[in-house]
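This is what each chain is made of:
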Amino acid sequence: MNGQNRSNIEPGKQVEIVLKKDQRTGKVTKGIVKDILTKSPTHPHGIKVRLEDGQVGRVKSIL
């Protein structure tokens, strides 16, 4: 599943995100969603989330 729809993402799910510093390379980071930061129902670059370890990025895929 891709991470463009807010309805697919909920706290506790494992996701792959791209951090702001990794946007050029597209390197993904795995983690567990703690908070959903994007308020709109969809976003073309992925919904922004905060992981349990505090990292913030846009969801590329839901595992």
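Our structure's up above, just so we're on the same page.
A few points on the structure. Given the structure is predicted, the values throughout are model-derived calculations rather than measurements.

**What to know about the pattern of salt bridges**
Turning to step 1, where the next piece is worked out: Scanning all chains against the criterion turns up two salt bridges.
Turning to step 2, where the next piece is worked out: With a shortest N-O distance of 4.0 Å, Lys27 and Asp22 are connected by a salt bridge.
Turning to step 3, where the next piece is worked out: Between Asp35 and Arg50 there is a salt bridge; the shortest N-O distance is 2.9 Å. Note that Asp35 is positioned in strand S2 (residues 28-36) and Arg50 in strand S3 (residues 48-51), a separation of 15 residues in sequence.
Turning to step 4, where the next piece is worked out: Residue Asp35 is classed as partly exposed on the basis of its relative accessible area of 28%.
Turning to step 5, where the next piece is worked out: Residue classification places Arg50 among the partly exposed residues on the basis of a relative accessible area of 30%.

Conventions used here
- Residues numbered from 1 in each chain as written.
- Predicted model: local features only at pLDDT ≥ 70, side-chain atom pairs only at ≥ 80, totals over all residues.
- Heavy atoms only, no water.
- Salt bridge = Lys/Arg side-chain N within 4 Å of Asp/Glu carboxyl O.
- Helix = DSSP H or I, 4+ residues; strand = E, 2+ residues; numbered from the N terminus.
- Buried < 20%, exposed > 50% of the residue type's maximum accessible area, 1.4 Å probe, protein only.

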